[in-house]
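Breakdown of the fold
Take a look at the letters that make up each chain.
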Amino acid sequence: MTLALSIGILVAGGVFMLLQRGMIRIVLGFIMLSHAVNLILMSAGVTSRRDAPLMATADPATAADPLPQAFVLTAIVIAFAITIYMLTLAVARSDDDTEDPS
Amino acid sequence: MTPPDLLWLSLTDLSWVVPLPVLVPLSAAGLALALWRHPKAQQIISVVALTVVLLASLTLLVAADQGPVVLDVGNWAAPVGIDLVADRLSTLMLTVSAAVTLCVLIYSLAQGLADGNRGTPVAIFHPTYLVLSAGVANAFLSGDLFNLYVGFEMLLAASYVLLTLGGTGERIRAGTIYVVVSLVSSIIFLLAIGLIYAATGTVNLAQLAIRLPEIDPGVQLVLQLLLLLAFAIKAAIFPLSAWLPDSYPTAPAPVTAVFAGLLTKVGVYAIIRTQTLLFPDGRADTLLMVAALLTMVVGILGAVAQNDIKRLVSFTLVSHIGYMIFGIALSSEQGLGASIFYVAHHITVQTALFLVVGLVERRGGSTSLDQLGGLARLAPLLAVLFFVPAMNLAGIPPLSGFLGKAGLLQAGVADGGPLALTLVGAGVVTSLLTLYAIVKAWNKAFWQVAPVEPAPMRLPRAMVGSAASLVLLGVSITVVAGPMYDYTQRAAATLRDPNQYIVSVLPDRARGAGVSSDLAEDTPDAELPDEPVEEEDE
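Residues numbered from 1 in each chain as written. Chains lettered and ligands numbered in written order. Predicted model: local features only at pLDDT ≥ 70, side-chain atom pairs only at ≥ 80, totals over all residues. Heavy atoms only, no water.

Across its full length, chain B holds 22 helices and two strands. Computed over its C-alpha atoms, the radius of gyration of chain B comes to 22 Å, within 12% of the 24 Å expected for a compact globule of 538 residues. When each of the 538 residues of chain B is scored for burial, the buried share is 63%. Sequence separation of 24 or more characterises 81% of the internal contacts of chain B that already satisfy a separation of 6 or more. When the accessible surface of chain B is totalled, it reaches about 18300 Å², and 68% of it is carbon and sulfur. Treating the 25 positive side-chain charges of chain B as one cloud and the 36 negative ones as another, the clouds have centres 16 Å apart. (Helix = DSSP H or I, 4+ residues; strand = E, 2+ residues; numbered from the N terminus. Rg over C-alpha atoms; globule rule 2.2 N^0.38 Å. Buried < 20%, exposed > 50% of the residue type's maximum accessible area, 1.4 Å probe, protein only. Contact = heavy atoms within 4.5 Å. Areas by Shrake-Rupley, 256 points an atom, 1.4 Å probe, with all protein chains shown as cover. Lys, Arg positive; Asp, Glu negative; His and termini not counted. Charge placed at Lys NZ, Arg CZ, Asp CG, Glu CD.)

This is the structure we're talking about:
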């Protein structure tokens, strides 16, 4: 329930920010959206506390599913790189239409 | 094993060739980045790498005709490890895209030599271009949904950099829109992957094809539509196409050309792959047909209204995506085969057209149709180079555009439904309107008296040469259309029967051909190679 609520709030905030005109706000919106999706990926595995999935020690019945965690890890790395790139875009373009020209 | 045995093995089992189209450009990108002080060395590395990719793709194209070539990456068996699968569809796409990227690379080299690289930092261009090519190859070869996502991200990250190359105001404005739209589509794709994994417990395409039919039909539909939405943004299908004509024309000519040829087609490829393999019952067909209809008509009306030759060609690109979606939506072997043929034809023609438009801009000093003129007299060779792909795009017989369209229309008539027949009509109208838009561009740019006589100049020979070779490639598709059409029909037949794909990845529908032991069931090992890949981009 907490997870679903957090995802909902993050998506709502992310979509709102993404629809703003300033580049920095768009970047913030993107960060929120990607966090929301990361939480969804996490919840695709089991979210309750489980053992580390190490072959030698763990029992498959109690070990966590490592695949969603690997997905999230990859997604975080990608989102991080893209965020930095978007921030450079925000810097490179001083005029981002935030002011009304009239 | 003795060396002759190894040699024999390497000739009979070609699975070692499968990763080359991804690995070679990626390693070359790292090497090119390390040698950023030596532009000459960078150029040699890029050309050699892409030539190797082309040769590897051709090898796979021949090999895959006997059946899919599968590689378990790191020798982990299929559902656990990541698979690269080269079947008829992916190798055909791979070969055409490799040929096109090589031509565009040579064009851009010539442009760089002629311009002294003003405003385009070449040190960045080559590594990014190679990463783009690796990402495209990875997307085509991936047998795993998450790896497909990684391939998309690789090519997108590279395309962000290429689109904003030089960092001029206009490019950054267009680039920002492109980046934000692509990000939204990536997030939807990732969301779909998360939900698919939650519903089925796998992201391996072959295993998904087995497991998806077992889950609730409502959930299936949600997953199908989410994937379609993500890919439709990438493929620029109306109403998700507005970003394309706005962002493509601002980039340098070779970049626009390669984007127009490849990026949208990767989206189309992903739609074909997921719709045929994962959701073969075609529940989204009506939706796709309506989308195809609107894409064709709205796209071409946009093209008719344009007064800038680059924007005009960008709108025709959107419009012709509609034809490919039409073929997919028919859900018949004939329609799918024609659609695949059309994709291969369209990659070469659209890229060639953008390269030639780059030459027109150079020769005439403008892309506005009001300021261009008299080019047929000033540059007759350029006029021929424009005329051939333009007529090919409009679908004038006997060129390949006509053959692809005729195949699609036949498949539409064979389907016989009212919506399919409407689409046949719309296809003919779109074809005529394409001809109208192209003739308008031709009249103004090549035949009208030049408002301002452009200064006499010679176009760099290598630029004309590479553009001409791409035009010739487009024409040669016409020459080999018979065998090629058979090939695409066979590819479609494979796609319509997902069992062949599944069995080649998971023999006995259980486990792949790799040698991982049962103990290693839950290793995340296969994810690891993905991360360094992403870091190289920025």
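After that view, the rundown keeps rolling.
As a further point, take unusual backbone geometry. All names here are of chain B. For the peptide bond that leads from F238 to P239, omega is 0 degrees, which places it in the cis range. As for its placement among the helices and strands, P239 is situated in the loop between α9 (217-235) and α10 (243-247). Between P397 and the following residue, P398, the backbone shows a cis peptide bond with an omega angle of 5 degrees. Mapped onto the elements of the fold, P398 is located in the loop between α16 (380-394) and α17 (400-415). You will see that A236, though not glycine, has its phi angle at about 60 degrees, which is positive. Mapped onto the elements, A236 comes out in the loop between α9 and α10. Relative accessible area serves as the criterion here: at 0%, A236 is assigned to the buried category.

Right, let's get into the UniProt feature "transmembrane region" (unreviewed entry) in chain A. All names here are of chain A. The positions UniProt marks with the feature "transmembrane region" (unreviewed entry) are residues 27-46 and 67-92. Segment residues 27-46 splits into 90% helix and 0% strand. End C-alpha atoms: 30 Å apart. In this annotation, residues 67-92 is assigned 100% helix and 0% strand; the end-to-end C-alpha distance for the span is 38 Å. (UniProt positions renumbered as here; feature names shortened; annotations may be inferred.)

Attention shifts here to the environment of B:E361. Residues and elements named next belong to chain B. One can find E361 in helix α14 (residues 333-364). On a C-alpha basis, the gap between E361 and K310 in space is 9.0 Å, while along the polypeptide they are 51 residues apart. Those residues in contact with E361, other than ones at most four positions away along the chain, are K310, S366 and T367.

Here we take up the UniProt feature "domain: NADH:quinone oxidoreductase/Mrp antiporter transmembrane" (unreviewed entry) in chain B. In this structure's numbering, the residues bearing the UniProt feature "domain: NADH:quinone oxidoreductase/Mrp antiporter transmembrane" (unreviewed entry) are residues 142-433 of chain B. Secondary structure content for residues 142-433 of chain B is 79% helix and 0% strand, and the end C-alpha separation is 37 Å.

Below, the discussion takes up the pattern of salt bridges. All names here are of chain B. Under the criterion given, the structure shown has six salt bridges over all chains. Among the salt bridges present, the one from K310 reaches E361, with a minimum N-O distance of 3.4 Å. Remark: E361 occurs in helix α14 and K310 occurs in helix α13 (residues 309-329); sequence separation between them is 51 residues. (Salt bridge = Lys/Arg side-chain N within 4 Å of Asp/Glu carboxyl O.)

This part covers the nonpolar core. The biggest cluster of nonpolar side chains holds 220 residues, and the ones touching the most others in it are A:M86, B:F189 and B:F386. Per-element tally for this core: the top contributor is α14(B), with 17 residues. Not counting residues up to four positions away in its chain, the partners in contact with A:M86 are A:M23, A:I26, A:V27, A:F30, B:V179, B:V180 and B:L183. (Core = buried A, V, L, I, M, F, W, Y, C linked by side-chain atoms within 4.5 Å.)

Residue and element names in this part refer to chain B. Axis separation between α13 and helix α18 (residues 418-447) bottoms out at 11 Å; the angle between their running directions is 160 degrees. In terms of orientation, α13 lies roughly antiparallel with respect to α18. Crossing hand, α13 versus α18: left-handed. Contacts from I309, L312, S319, H320, Y323 and F326 in α13 reach A420, L423, V424, G427, T430, S431, T434, A437 and A441 in α18. (Axes fitted to C-alpha atoms, helices over the stretch in contact; angles between N-to-C directions. Parallel < 35°, antiparallel > 145°, perpendicular 65-115°, else oblique. Left-handed = near helix turned anticlockwise from the far one by under 90°.)

Of the residues lining the interface, 33 residues belong to chain B; the matching set on chain A comes to 31 residues. Summed over both sides, the interface of chain B with chain A buries roughly 2900 Å², with 82% coming from carbon and sulfur. On the surface where chain B and chain A come into contact, there are zero salt bridges. Our count for the contact surface shared by chain B and chain A stands at three residue pairs in polar contact (both at pLDDT 80 or more). Broken down by secondary-structure element, the contributors of at least two residues to the side of chain B that touches chain A are α6 (145-163), α7 (169-200) and α22 (530-535) of chain B. A per-class count over the side of chain B that touches chain A returns 21 nonpolar, three polar and nine charged. (Buried area = accessible area lost by both parts, 1.4 Å probe. Polar contact = N/O pair within 3.5 Å; in protein donor to acceptor, adjacent residues only side chain to side chain. Nonpolar A, V, L, I, M, F, W, Y, C, P; charged D, E, K, R; others polar.)

Okay, the packing of helix α2 (residues 23-44) of chain A against α7(B) next. For the pair α2(A) and α7(B), the least separation of the axes is 8 Å and the interaxial angle reads 10 degrees. Put simply, α2(A) runs roughly parallel to α7(B). Judged by residue contacts, A:M23, A:I26, A:F30, A:L33, A:S34, A:V37, A:N38, A:I40, A:L41 and A:A44 of α2(A) engage B:T176, B:V180, B:L183, B:I187, B:L190, B:L191, B:G194, B:L195, B:Y197 and B:A198 from α7(B).

Next up on the list: the confidence of the model for chain B. All names here are of chain B. Here chain B averages 84 in pLDDT, while 90% of its residues score no lower than 70. α22 is the least confidently modelled element of chain B, averaging 40 in pLDDT, while α9 averages 92, the highest of any element. Per-residue pLDDT stays below 50 along residues 517-538; that stretch engages in 47 contacts with residues further than four places along the chain or on separate chains. Two summary scores accompany this predicted model of the complex, namely pTM at 0.89 and ipTM at 0.91. (pLDDT = per-residue confidence, 0-100.)

We now examine the pairing of strand β2 (residues 83-86) of chain B. All names here are of chain B. With burial as the criterion, each face of β2 is covered, one bearing D83 and V85 and the other bearing L84 and A86. Across four bridges, the pairing between strand β1 (residues 69-72) and β2 is antiparallel. Its bridge partner lying in β2, V69 is registered against A86. (Pairing = 2+ DSSP bridges.)

A few words now on α16(B). All names here are of chain B. Along its 15 residues, α16 runs 21 Å from first to last C-alpha, staying within 8% of the 21 Å computed at 1.5 Å per residue. Among all positions of α16, only L382, A383, L385, F386, P389, A390, M391, N392, L393 and A394 are buried. For α16, the elements touching its buried residues are α13, α14, α15 (375-378), α17, α18 and α19 (461-479). Phi turns positive one or two residues past the end of α16, at G395, with a value near 85 degrees. (Expected span 1.5 Å × (residues − 1).)

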